[in-house]
Amino acid sequence: MLNKNNIEVAKKVFLSIFAISIFYCNFWIMLARSPASELAQKLPISRVAADLFDTFSVFSYYETINRNIVIRGLPKNSPSNHQYASSNEWVNIDLSFDYFPHCLGEQQMRLYFSKHLSLGQEEFNKACKAMANKIKTRVNLKRPNNQLHKISIGVEIWPRSLLGYEYLKEAETTKFTILCVGD
């Protein structure tokens with residue numbers, strides 16, 4: 001028969017098992033990110049538990065790079081109207097508050113399509129191109145005299161510094177990768 005005492009003991013046992021599993025998963029994730037990662041592969045862990053703890057990277061590592069989503073447009077009057085146009089033909093589009101009225105981290109999470117990336121590269125590309133096309137439509141509505149032919153969504157990456165977010169952002173240290181180009 002379940003009495004009040006047995007229920008309290010069951011709660012304590014459950015909470016203890018829960019706390020131990022959290023500590024173990026944290027330990028496993030940190031170990032997997034360390035130079036001793038081969039040891040982590042020998043320890044038992046559920047892939048679901050590892051993915052849950054690694055989802056937001058809170059428990060896993062310290063980020064050593066900064067990322068910045070960059071949206072660029074290729075004007076219709078550009079000499080070359082294709083995605084491989086020279087980088088000086090593309091113009092930066094400031095979407096900071098007009099289209100994404102969120103803080104920088106929230107903007108980047110929405111634009112980096114992390115949910116779609118976990119579904120595979122094809123879904124990621126589809127979502128990225130759809131967003132680029134929506135941005136192009138909106139920008140072209142606001143600027144009828146300065147229409148854009150294409151929109152590219154990319155990411156800039158540069159080393160992190162304790163002296164500030166953009167402290168080490170220089171041409172030599174910044175890499176740019178195009179995530180997608182809209183139609």
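Attention here is on the structure that accompanies the text. (Residues numbered from 1 in each chain as written. Predicted model: local features only at pLDDT ≥ 70, side-chain atom pairs only at ≥ 80, totals over all residues. Heavy atoms only, no water.)

A closer look at the pairing of strand β3 (residues 148–159)
Where burial is concerned, most of β3 is hidden: nine out of the 12 residues are buried. The sheet contact formed by strand β1 (residues 65–75) and β3 spans 11 bridges and is antiparallel. Bridged to Gly73 within β3 is Ile151. Where β3 meets strand β4 (residues 175–181), six bridges bridge the pair, whose relative direction is antiparallel. Note on β4: the bridge partner recorded for Gly154 is Ile178. (Buried < 20%, exposed > 50% of the residue type's maximum accessible area, 1.4 Å probe, protein only. Helix = DSSP H or I, 4+ residues; strand = E, 2+ residues; numbered from the N terminus. Pairing = 2+ DSSP bridges.)

Points about the packing of aromatic side chains
The geometry of an aromatic ring pair is captured by two quantities: the separation of the ring centres and the angle between the planes. Scanning the entire structure with this criterion turns up two aromatic pairs. For the ring pair Phe14 and Phe18, a centre distance of 6.4 Å and an interplane angle of 15 degrees mean the geometry is stacked. With Phe14 and Phe18 both in helix α1 (residues 4–32), this residue pair falls four residues apart, about one helical turn. Their ring planes at 75 degrees and their centres at 5.3 Å tell us that Trp158 and Tyr165 sit as a pair that is edge-to-face. Residue Trp158 is classed as buried on the basis of its relative accessible area of 1%. Residue placement shows Arg72 over the ring face of Phe176; its charged tip is 4.1 Å from the ring centre. Taking NZ or CZ as reference, Lys169 lies 4.6 Å from the ring centre of Trp158, over its face. (Phe/Tyr/Trp six-rings, centres within 6.5 Å; stacked < 30°, edge-to-face > 60°. Lys NZ or Arg CZ within 6 Å of the ring centre and 35° of its normal.)

Notes on the state of the cysteines
This structure, assessed with the given rule, holds one disulfide. The side chain of Cys128 participates in a disulfide bridge whose partner is Cys180; the two sulfur atoms lie 2.1 Å from each other. Because the torsion about its S-S bond is -80 degrees, the bridge between Cys128 and Cys180 counts as left-handed. On the criterion of sequence distance, the pair formed by Cys128 in helix α6 (residues 121–142) and Cys180 in strand β4 is long-range, its members being 52 residues apart. Considered together, Cys128 and Cys180 belong to a single accessibility category, that of buried residues. (Disulfide = S-S within 2.5 Å.)

Things to note about the environment of Ile65
When you line up the elements, Ile65 lands in strand β1. The spacing of Ile65 and Glu156 is 91 residues in sequence and 10.0 Å in space, taken between C-alpha atoms. Once you skip the residues sitting within four places of it in the chain, Ile65 turns out to touch Ile157, Trp158, Pro159 and Arg160. (Contact = heavy atoms within 4.5 Å.)

A few points about a nonpolar patch on the surface
Together, Val9, Val13 and Ile17 make up a nonpolar patch on the protein surface, roughly 270 Å² of accessible area in all. Secondary-structure assignment places Ile17 in helix α1. On the accessibility criterion, Ile17 (54% relative accessible area) is exposed. (Patch = residues over 30% accessible without salt bridge, like charges linked within 9 Å, V, L, I, M, F, W, Y side chains within 5 Å. Areas by Shrake-Rupley, 256 points an atom, 1.4 Å probe, with all protein chains shown as cover. Salt bridge = Lys/Arg side-chain N within 4 Å of Asp/Glu carboxyl O.)

Observations concerning the side chain of Asn140
As for its position among the elements, Asn140 is in helix α6. With sequence-adjacent residues up to four places away left out, Asn140 is seen in contact with Asn146, Gln147 and Leu148.

Quick notes on the side chain of Ser161
Among the structural elements, Ser161 can be located in the loop between β3 and β4. Polar contacts involving the side chain of Ser161 include one to the main-chain amide nitrogen of Leu163, which spans 3.0 Å. In this structure, Ser161 is in contact with Tyr167 and Leu168, ignoring residues within four places of it in sequence. (Polar contact = N/O pair within 3.5 Å; in protein donor to acceptor, adjacent residues only side chain to side chain.)

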